[in-house]
Amino acid sequence: CLDGEGKLHEFGSQWRTEDCHDCTSSRDGISCCTSYGTPVHYDKEKCESIFNKQTCSYTVVEKNDHSKECPVHSWVG
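Predicted model only: the values in this text are computed from it and were never measured.

Asker: An account of the overall build of the chain is requested, with residue identities and associated values reported.
Answerer: Looking only at helices and strands, one finds zero helices and seven strands in the chain. Ordered by position from the N terminus, the helices and strands of the chain form the series β-β-β-β-β-β-β. Principal-axis analysis of the C-alpha atoms places the extent of the chain at approximately 50 × 20 × 15 Å. By the burial criterion, 21% of the 77 residues in the chain qualify as buried. Across the chain, the fraction of contacts at a sequence separation of at least 24, relative to all contacts at a separation of at least 6, is 26%. Accessible area of the chain: about 5700 Å², with a carbon and sulfur share of 47%.

Here's what the structure looks like:
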């Protein structure tokens, strides 16, 4: 199978894209989904979510002090 970037993948193979998607290849085609959860329920007035492309994960921290993490009550992904 050829992915969106023109790279060839064997049937049954798995890989992670630069955009943090986990993909698999089969005779039916390529299937991809996000490899991370997105924070949805947290104090958005006091806190902000920051995506780290190196680790493919979000952290939620106080807007005024990034050294302080905020509680997250639910994630989607």
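Additional details are given in the paragraphs that follow.
Asker: Explain the state of the cysteines residue by residue, including any values.
Answerer: Across all of its chains, the model carries three disulfides by this definition. At a sulfur-sulfur separation of 2.1 Å, the disulfide partner of Cys20 is Cys56. Disulfide Cys20-Cys56: the torsion about the S-S bond is -75 degrees, which places it as left-handed. Linking Cys20 in the loop between strand 1 (14-16) and strand 2 (21-26) with Cys56 in the loop between strand 5 (47-52) and strand 6 (57-62), this pair joins segments that are 36 residues apart in sequence. Of the two residues, Cys20 and Cys56, both sit in the buried class.

Asker: Tell me about the environment of Ser67, residues and numbers included.
Answerer: Within the fold, Ser67 resides in the loop between strand 6 and strand 7 (74-76). Separated by 32 residues in sequence, Ser67 and Ser35 place their C-alpha atoms 25 Å apart. A distance of 2.6 Å separates the side chain of Ser67 from the side chain of Asp65, its partner in a polar contact.

Asker: So, the side chain of Asp3: which residues are in play, and what are the values?
Answerer: Locating Asp3 in the fold gives a position in the segment before strand 1. Nearest to the buried, unbridged Asp3 among oppositely charged side chains is Lys7, at 5.6 Å. Within polar-contact distance, the side chain of Asp3 engages the backbone nitrogen of Glu5 at 2.9 Å. Among the polar contacts made by the side chain of Asp3, one reaches the side chain of His9 at a distance of 2.9 Å. With residues up to four places along the chain from it excluded, the contact list for Asp3 reads His9, Trp15 and Ile30.

Asker: Explain unusual backbone geometry to me, using residue names and the numbers behind them.
Answerer: At Cys20, a position not held by glycine, the phi torsion is positive, near 65 degrees. The backbone of Cys56 shows a phi angle near 55 degrees, a positive value even though the residue is not glycine.

Asker: I'd like to hear about the pairing of strand 5, residue by residue, with values.
Answerer: On a regular strand, each side chain points to the face opposite its neighbour's, so the side chains alternate between the two faces of the sheet. Note: strand 5 against strand 6, six bridges, orientation antiparallel. The residue bridging Ile50 from the neighbouring strand is Thr59, located in strand 6. In sequence, strand 5 turns back onto strand 6 through a hairpin of four residues, with Cys56 there showing a positive phi of about 55 degrees.

Rules used throughout
- Residues numbered from 1 in each chain as written.
- Predicted model: local features only at pLDDT ≥ 70, side-chain atom pairs only at ≥ 80, totals over all residues.
- Heavy atoms only, no water.
- Helix = DSSP H or I, 4+ residues; strand = E, 2+ residues; numbered from the N terminus.
- Buried < 20%, exposed > 50% of the residue type's maximum accessible area, 1.4 Å probe, protein only.
- Contact = heavy atoms within 4.5 Å.
- Areas by Shrake-Rupley, 256 points an atom, 1.4 Å probe, with all protein chains shown as cover.
- Disulfide = S-S within 2.5 Å.
- Polar contact = N/O pair within 3.5 Å; in protein donor to acceptor, adjacent residues only side chain to side chain.
- Lys, Arg positive; Asp, Glu negative; His and termini not counted.
- Salt bridge = Lys/Arg side-chain N within 4 Å of Asp/Glu carboxyl O.
- Pairing = 2+ DSSP bridges.

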